[in-house]
Amino acid sequence: MSKKYRCGNCGAFDVASVETTGPFPWKDYPAVYLVKPISLLTCKKCGENILRHADVDNLDRAIEQSLIQLTETLITEILQREGCTQEELASRLGITPQHLSNLKGGAKIAGFQTFNFMKTFYLDKGAFEKADPEINVGK
């Protein structure tokens, strides 16, 4: 006999495995969308995800892999479009060149603020130039 799961949100037993890409809150990220969908138990009545222990570990890995992949794409695209060095991009992001190298290689995961700066540089072509650390705003 298979185990019946009950929704912790609405109490319904109408639960099924559903493929989803999120959004999921994760660490200091309020909402992360996955690059590849993950299968989670979901309440058909209210839509709440029901996370078993193994699901939590799988979801955590999926989120990390998605952020690593997105970060690598953002860095590569910004470097290519702006024709700058990794050192210059790191300076404009307010991080060290070594940290940027770790982010690009997938050894580290960008914090929420750094990730959003990269998204801004990617989406707003003028933002990269405006983020020049040599510009003295006070004068």
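Refer to the structure above for everything that follows.
In this text, all values refer to a predicted model and were calculated from it rather than measured experimentally. (Residues numbered from 1 in each chain as written. Predicted model: local features only at pLDDT ≥ 70, side-chain atom pairs only at ≥ 80, totals over all residues. Heavy atoms only, no water.)

Undergrad: Describe the side chain of Asn102, naming the residues involved and giving the relevant values.
TA: Inspection of the secondary structure assignment puts Asn102 in helix H3 (residues 97–105). Residue Asn102 is classed as buried on the basis of its relative accessible area, which comes to 19%. Leave out the neighbours within four places in its chain, and Asn102 touches Ala107 and Lys108. (Helix = DSSP H or I, 4+ residues; strand = E, 2+ residues; numbered from the N terminus. Buried < 20%, exposed > 50% of the residue type's maximum accessible area, 1.4 Å probe, protein only. Contact = heavy atoms within 4.5 Å.)

Undergrad: Describe the sheet that holds strand S5 (residues 49–50), naming the residues involved and giving the relevant values.
TA: Pairing is antiparallel in the open sheet, where 3 strands are placed in the order S1-S4-S5. The open sheet has two free edges, formed respectively by strand S1 (15–20) and S5, since each of these has just one partner strand. Relative to strand S4 (residues 38–43), S1 runs antiparallel, the two being bridged by 6 bridges. Following the sheet pairing, Thr20 is matched in S4 by Ile38. (Pairing = 2+ DSSP bridges.)

Undergrad: So, unusual backbone geometry: which residues are in play, and what are the values?
TA: Going from Gly22 to Pro23, the amide bond is cis rather than trans, its omega being 15°. By the secondary structure assignment, Pro23 is in the loop between S1 and strand S2 (24–26).

Undergrad: Give a detailed account of the pairing of strand S3 (residues 29–32), specifying residues and quantitative values.
TA: Regular strands show a simple pattern: their side chains alternate between the two faces of the sheet. Note: S2 against S3, 2 bridges, orientation antiparallel. The residue of S3 that forms the bridge with Trp26 is Tyr29. Remark: 2 residues form the turn of the hairpin made by S2 and S3, two consecutive strands paired antiparallel; Lys27 in that turn has positive phi of roughly 50°.

Undergrad: I'd like a rundown of the pattern of salt bridges, residues and numbers included.
TA: Applying the stated criterion to the full structure yields 4 salt bridges. The partner of Glu82 in a salt bridge is Arg81, and the shortest N-O contact between them spans 3.2 Å. Since its relative accessible area comes to 31%, Arg81 is described here as partly exposed. Salt-bridge contacts for Arg92 lead to Glu88; the nearest nitrogen and oxygen are separated by 3.0 Å. (Salt bridge = Lys/Arg side-chain N within 4 Å of Asp/Glu carboxyl O.)

Undergrad: Which residues make up the packing of helix H2 (residues 86–93) against H3, and what values go with them?
TA: Axis separation between H2 and H3 bottoms out at 8 Å; the angle between their running directions is 105°. As judged from the angle between their axes, H2 and H3 are roughly perpendicular. Every residue of H3 that contacts H2 at Gln86, Glu87, Leu89, Ala90 and Leu93 is listed here: Pro97, Leu100, Ser101 and Lys104. Of the residues contributing to the contact of H2 with H3, the split by class is 5 nonpolar, 2 polar and 2 charged. (Axes fitted to C-alpha atoms, helices over the stretch in contact; angles between N-to-C directions. Parallel < 35°, antiparallel > 145°, perpendicular 65-115°, else oblique. Nonpolar A, V, L, I, M, F, W, Y, C, P; charged D, E, K, R; others polar.)

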